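Notes for the structure review
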2 protein chains.
Amino acid sequence: MLITTGSQQALDLIGKVLIDSGSRILVETPTYLGALQAFSPMEPNVVSVASDEEGPIVEDFAAKAGTGADKARFMYLLPNFQNPTGRTMTEARRAALVAKAKELGIPLVEDNPYGDLWFDEQPPLPITARNPDGGLYMGSFSKVLAPGLRLGYVVAPKNVYPKLLQAKQAADLHTPSFNQRLVAEVLKGNFLDRHVPQIRKLYKEQCQAMVAALEREMSGLDVKWSRPAGGMFLWLRLPEGIDTAKLLPKAVDRNIAFVPGAAFYADNADVRTMRLSFVTASVEQINTAIAALAATIKDELAAKA
Amino acid sequence: MLITTGSQQALDLIGKVLIDSGSRILVETPTYLGALQAFSPMEPNVVSVASDEEGPIVEDFAAKAGTGADKARFMYLLPNFQNPTGRTMTEARRAALVAKAKELGIPLVEDNPYGDLWFDEQPPLPITARNPDGGLYMGSFSKVLAPGLRLGYVVAPKNVYPKLLQAKQAADLHTPSFNQRLVAEVLKGNFLDRHVPQIRKLYKEQCQAMVAALEREMSGLDVKWSRPAGGMFLWLRLPEGIDTAKLLPKAVDRNIAFVPGAAFYADNADVRTMRLSFVTASVEQINTAIAALAATIKDELAAKA
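Just so it is clear, the structure is predicted and the values come from calculations on it, not from any experiment.

Conventions and cut-offs
Residues numbered from 1 in each chain as written. Chains lettered and ligands numbered in written order. Predicted model: local features only at pLDDT ≥ 70, side-chain atom pairs only at ≥ 80, totals over all residues. Heavy atoms only, no water. Helix = DSSP H or I, 4+ residues; strand = E, 2+ residues; numbered from the N terminus. Rg over C-alpha atoms; globule rule 2.2 N^0.38 Å. Buried < 20%, exposed > 50% of the residue type's maximum accessible area, 1.4 Å probe, protein only. Contact = heavy atoms within 4.5 Å. Areas by Shrake-Rupley, 256 points an atom, 1.4 Å probe, with all protein chains shown as cover. Polar contact = N/O pair within 3.5 Å; in protein donor to acceptor, adjacent residues only side chain to side chain. Domains from an automatic or database assignment. Buried area = accessible area lost by both parts, 1.4 Å probe. Salt bridge = Lys/Arg side-chain N within 4 Å of Asp/Glu carboxyl O. Axes fitted to C-alpha atoms, helices over the stretch in contact; angles between N-to-C directions. Parallel < 35°, antiparallel > 145°, perpendicular 65-115°, else oblique. Left-handed = near helix turned anticlockwise from the far one by under 90°. Nonpolar A, V, L, I, M, F, W, Y, C, P; charged D, E, K, R; others polar. Pairing = 2+ DSSP bridges.

1. Topic: the overall build of chain A
Within chain A one finds nine helices and 13 strands. Compactness check: chain A gives a C-alpha radius of gyration of 20 Å against a globular reference of 19 Å for 305 residues, within 12% of the reference. Projected onto the principal axes, the alpha-carbon positions of chain A cover approximately 60 × 50 × 35 Å. Considering chain A as a whole, with its 305 residues, one finds that 54% of them fall into the buried category. Look at the contacts in chain A between residues 6 or more apart in sequence, and 72% of them connect residues 24 or more apart. Accessible surface computed for chain A: about 13000 Å², of which carbon and sulfur atoms make up 53%.

2. What about the side chain of Asp60 of chain B?
All names here are of chain B. Along the chain, Asp60 turns up in helix α3 (residues 58-64). Assessed through its relative accessible area of 18%, Asp60 is described here as buried. Here the side chain of Asp60 touches Lys64 through a polar contact of 2.7 Å, side chain to side chain. Leave out the neighbours within four places in its chain, and Asp60 touches Ser48, Val49 and Ala50.

3. Points about the domain arrangement of chain A
All names here are of chain A. Taken as a whole, chain A is organised into domain 1 (2-187) and domain 2 (193-304). Taking only C-alpha atoms, the centre of domain 1 and the centre of domain 2 are 26 Å apart. Contact with domain 1, which involves 24 residues of that partner, is made by 23 residues of domain 2. Considering only the side of domain 1, the residues that lose the most area to domain 2 are Pro84, Leu117 and Phe119, jointly responsible for 30% of the buried surface there. For the interface between domain 1 and domain 2, the tally reads one salt bridge. Residues Lys204 and Asp120 are paired through a salt bridge, measuring 2.5 Å at the closest nitrogen-oxygen approach.

4. Here we look at unusual backbone geometry
All names here are of chain A. Following Thr29, the chain continues to Pro30 via a peptide bond in cis, the omega torsion being -15 degrees. Omega for the peptide link from Asn83 to Pro84 comes to 25 degrees, which places this bond in the cis form. Assignment of secondary structure puts Pro84 in the loop between β6 (75-77) and α4 (91-104). Even without being glycine, Glu43 reaches a positive phi, approximately 55 degrees.

5. Topic: the packing of helix α6 (residues 177-188) of chain A against helix α6 (residues 177-188) of chain B
Where α6 of chain A contacts α6 of chain B, the axes come no closer than 10 Å and their chain directions differ by 110 degrees. When the axes of α6 of chain A and α6 of chain B are compared, the pair comes out roughly perpendicular. Crossing geometry of α6 of chain A relative to α6 of chain B is assigned as right-handed. When α6 of chain A is examined against α6 of chain B, the residues Phe178, Asn179 and Leu182 of chain A are found in contact with a partner set consisting of Phe178, Asn179 and Leu182 of chain B. Tallied by class, residues from the contact of α6 of chain A with α6 of chain B come to four nonpolar, two polar and no charged.

6. Focus on the pattern of salt bridges
Per the counting criterion, the structure on display carries 44 salt bridges over all chains. Here Lys16 of chain A ties to Asp12 of chain B by a salt bridge, and the two come within 2.4 Å at their closest N and O atoms. Pair noted here: Lys16 of chain A is in helix α1 (residues 6-18) and Asp12 of chain B is in helix α1 (residues 6-18), and the two residues belong to different chains. Exposure class is identical for Lys16 of chain A and Asp12 of chain B. Each is buried. With a shortest N-O distance of 3.3 Å, Glu103 of chain B and Lys100 of chain B are connected by a salt bridge. On the criterion of helical spacing, the pair formed by Glu103 of chain B and Lys100 of chain B is a turn pair, its members being three residues apart in helix α4 (residues 91-104). Here Glu103 of chain B falls in the exposed class, since its relative accessible area comes to 59%. Relative accessible area serves as the criterion here: at 22%, Lys100 of chain B is assigned to the partly exposed category. Connected through salt bridges with shared partners, the residues Asp12 and Lys16 of chain A together with Asp12 and Lys16 of chain B form a single ionic network.

7. Overview of the packing of helix α5 (residues 161-172) of chain A against α1 of chain B
Interhelical geometry of α5 of chain A versus α1 of chain B gives an angle of 100 degrees and a closest axis separation of 5 Å. In terms of orientation, α5 of chain A and α1 of chain B fall into the roughly perpendicular class. Residues Gln169, Ala170, Ala171 and Asp172 of chain A of α5 of chain A lie in contact with α1 of chain B, whose contacting residues are Gln8, Gln9 and Asp12 of chain B. Residue composition of the contact of α5 of chain A with α1 of chain B, grouped by class: two nonpolar, three polar and two charged.

8. Quick look at the pairing of strand β9 (residues 152-155) of chain A
Every other side chain in a regular strand lies on the same face of the sheet, so the side chains alternate between the two faces. Residue and element names in this part refer to chain A. Burial along β9 is one-sided: the residues Gly152 and Val154 are buried and none of Tyr153 and Val155 is. Of the strand pairs in this sheet, strand β8 (residues 135-140) and β9 are connected by four bridges, and their pairing is antiparallel. Each residue of the ladder has a partner; that of Ser140, found in β9, is Gly152.

Following this line, the structure appears as structure tokens:
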């Protein structure tokens with residue numbers, strides 16, 4: 001295990017070690033924007049694997065795997081409460097994907113910053129736990145303790161670890177030892193055992209409030225949304241003809257904001273999508289914000305009609 | 001100014017922004033190993049500029065600058081108490097190099113982690129101060145406060161800054177805000193004004209002790225060393241026929257260690273060189289260690305005779 005300056009740095013190091021210019025890598029549709037950004041300096045050929053509500057579709061994974069020199073270096077996955085969609089890969093999909101990855105010899109790079117933030121039940125076993133030698137696993141203290149400490153980690157197979165360590169030293173010598181000691185002290189007590197259930201409860205209430213507000217406010221509109229079982233994000237798809245990037249300034253005029261979905265696609269962006277976060281707003285603010293979002297959408301539809 | 005996770009990270013970000021695969025970049029002879037490591041994932045063509053005790057030789061800088069698509073992206077410099085040699089670029093050399101760099105349009109990347117650690121007098125003005133739009137400047141709190149906080153910074157021209165910021169976000173999102181606040185609090189008081197003179201005094205005593213020990217112990221041997229005016233390092237060159245990398249295990253047998261010099265060269269390594277650090281050992285330990293080093297060298301020479 002290598003300690004990293006947040007799990008974002010693990011993405012940067014993995015890119016440096018596993019990607020050469022032009023290397024094929026596979027990602028979910030959509031995928032975490034920060035991963036695309038972290039990999040991009042190494043100039044990979046990023047290929048999207050078609051995905052549904054259960055995760056990436058195994059047949060398309062196999063179809064996009066590539067062969068010979070163009071065989072995918074890895075597939076990047078965020079199986080629990082995905083950023084941006086909030087979706088969770090099912091047990092069956094994990095098992096099938098791992099089996100296919102083993103068969104094809106493609107490493108799975110598993111990013112799990114939100115796994116502890118489940119609402120009612122723990123997500124299925126990590127992908128890497130099913131195939132420890134065939135993948136890398138990233139975790140973080142940013143979502144359960146504090147993002148401002150920048151403390152994450154990556155678990156890597158024995159043949160990859162020394163290269164990651166070398167890349168780590170070149171990137172920033174080491175993760176602040178002061179922060180490592182501080183978190184080690186926190187972990188000795190049972191603070192996280194008390195703290196994490198409180199976050200789960202709070203985020204669940206906020207998520208439920210957002211879903212309820214969407215059901216109330218978006219009624220009659222052709223708007224679809226995910227129903228996350230944990231994490232921080234919810235994914236919306238608006239009616240035909242609306243580009244959420246163009247909608248954003250109009251939303252900002254109403255004092256609300258979202259992340260337009262296009263940035264989360266490696267290719268063929270669905271411009272009707274957006275990411276909402278439910279964790280930094282109170283239930284009252286969520287209710288006001290979703291009403292304002294619905295009004296923005298209705299205005300846009302009226303203007304187009 | 002961009003805050004970085006130690007100034008080592010600034011090197012990583014500069015590499016990502018300014019280097020494409022095959023880009024020519026210029027370095028001193030020898031140069032900081034960590035810079036070579038930070039740039040290497042971007043696969044540059046690293047070209048050494050011949051250097052003497054005053055710094056890089058301006059004529060060779062011009063000769064190695066390259067033209068057209070192969071024009072050097074930048075020259076990397078560590079002008080004060082260089083790692084590894086301990087040398088300081090003179091005022092005259094700085095002025096001449098800046099004039100030539102302006103003429104050729106080659107940015108100078110200036111790394112200054114040790115500048116505050118002068119013994120008797122402040123080093124000349126930074127290179128970037130003479131040409132703010134033509135270069136980047138890196139600083140660090142690692143050497144004056146604590147390396148374990150990983151707090152550094154880079155000052156960049158307006159056309160480079162936004163790209164560095166983007167690379168920074170992709171690399172680790174942000175430098176630990178907790179550490180930034182902590183150092184900001186320290187800076188409010190006059191701790192550094194009291195602390196840095198103490199470090200200077202201590203390091204000067206240790207450096208003087210090491211030079212005195214070298215004069216005493218290496219007498220009669222064809223060994224040469226630098227006489228740093230600050231910083232942490234001293235550079236040794238051993239007699240013909242000795243490869244310091246091969247000497248290291250024998251030194252370790254005598255409970256001492258050094259860094260073989262070859263790693264600090266981008267090309268044509270001088271295997272007779274080594275880097276010594278004088279800041280982590282007491283005067284007594286320095287005396288014992290230099291005596292042990294002399295004995296190791298004498299044994300090696302006797303074995304070769």
